[in-house]
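Each chain, written out:
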Amino acid sequence: MRQIQNLIRTAAMVVAILAFAAAPTAAATIFITTNITTSATWTADNEYVLTQPVYVTDGATLTIEAGTVVRGESQSVAGANDPGTLIV
């Protein structure tokens with residue numbers, strides 16, 4: 001009986017450790033403030049925030065992994081018409 005109880009405790013600890021290891025980590029927030037002039041990859045483990053209109057310039061390639069969060073901030077001041085936008 002004691003061996004069964006020890007096995008149950010061990011199994012419970014293993015499950016708890018695996019659940020902790022599989023827990024998602026907080027995404028890093030990266031503010032994009034300039035045009036994309038060289039090829040880049042945005043990964044799903046980050047959140048990208050566009051602070052203004054951002055162009056992917058001629059000759060540059062932007063790869064965005066599936067599941068990546070990209071957000072645009074609102075215009076800098078009322079009437080500025082410069083919200084965070086990705087322009088390809």
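Refer to the structure presented above.
The sections below set out a description of the structure shown in this document. (Residues numbered from 1 in each chain as written. Predicted model: local features only at pLDDT ≥ 70, side-chain atom pairs only at ≥ 80, totals over all residues. Heavy atoms only, no water.)

Section: the pairing of strand 3 (residues 46-50)
Remember that side chains alternate between the two faces of the sheet whenever the strand is regular.
Part 1 of the argument: Where burial is concerned, most of strand 3 is hidden: five out of the five residues are buried.
Part 2 of the argument: Here five bridges tie strand 1 (residues 28-32) to strand 3, and the two strands are oriented parallel to one another. Pairing of Phe31 across the sheet is with Val49, part of strand 3.
Part 3 of the argument: Alignment of strand 3 against strand 6 (residues 69-72), held across four bridges, turns out to be parallel. Bridging across to strand 6, Val49 finds its partner in Arg71. (Buried < 20%, exposed > 50% of the residue type's maximum accessible area, 1.4 Å probe, protein only. Helix = DSSP H or I, 4+ residues; strand = E, 2+ residues; numbered from the N terminus. Pairing = 2+ DSSP bridges.)

Focus: the environment of Thr61
Part 1 of the argument: Of note, Thr61 is situated in the loop between strand 4 (53-55) and strand 5 (62-64).
Part 2 of the argument: Thr61 sits in the partly exposed class, given a relative accessible area of 45%.
Part 3 of the argument: Along the backbone, Thr61 and Ala40 are 21 residues apart, and their C-alpha atoms lie at a distance of 6.4 Å.
Part 4 of the argument: Ignoring sequence-local partners within four residues, the contact set of Thr61 consists of Thr38, Ser39 and Ala40. (Contact = heavy atoms within 4.5 Å.)

Describing the sheet that holds strand 3
Part 1 of the argument: Strand order in this open sheet of three strands is 1-3-6, and the pairing throughout is parallel. The open sheet terminates on both sides in strands that have one partner only, identified here as strand 1 and strand 6. Adjacent strand axes in the sheet meet at a mean angle of 25° when their direction is disregarded. (Axes fitted to C-alpha atoms, helices over the stretch in contact; angles between N-to-C directions.)

Focus on unusual backbone geometry
What is expected of a backbone is that most residues other than glycine have negative phi and most peptide bonds are trans.
Part 1 of the argument: Non-glycine residue Asn81 carries a positive phi angle of around 55°.
Part 2 of the argument: Summarising the element assignment, Asn81 is placed in the loop between strand 6 and strand 7 (85-87).

Here we look at the nonpolar core
Part 1 of the argument: Judged by nonpolar contacts, Ile32, Ile36, Trp42, Tyr48, Leu50, Val54, Val56, Ala60 and Leu62 together constitute the single largest core of nine residues.
Part 2 of the argument: Excluding residues that lie within four positions of it along the chain, Ile32 makes contacts with Trp42, Tyr48, Val49, Leu50, Thr51 and Val54. (Core = buried A, V, L, I, M, F, W, Y, C linked by side-chain atoms within 4.5 Å.)

Quick look at the packing of aromatic side chains
Part 1 of the argument: Throughout the structure, instances matching the rule amount to one aromatic pair.
Part 2 of the argument: Between Trp42 and Tyr48, the aromatic rings sit 4.6 Å apart at their centres with planes inclined by 10°, giving stacked as the arrangement. Per residue, the accessibility class of Trp42 equals that of Tyr48, and both read buried. (Phe/Tyr/Trp six-rings, centres within 6.5 Å; stacked < 30°, edge-to-face > 60°.)

Observations regarding the pattern of salt bridges
Between side chains of opposite charge, pairing is possible as soon as their charged atoms come close.
Part 1 of the argument: Within the structure shown, the criterion is met by one salt bridge.
Part 2 of the argument: In this structure, the salt-bridge partner of Glu47 is Arg71, at a minimum N-O distance of 2.4 Å. Here Glu47, found in strand 3, pairs with Arg71, found in strand 6; they are 24 residues apart in sequence, far enough to count as distant. (Salt bridge = Lys/Arg side-chain N within 4 Å of Asp/Glu carboxyl O.)

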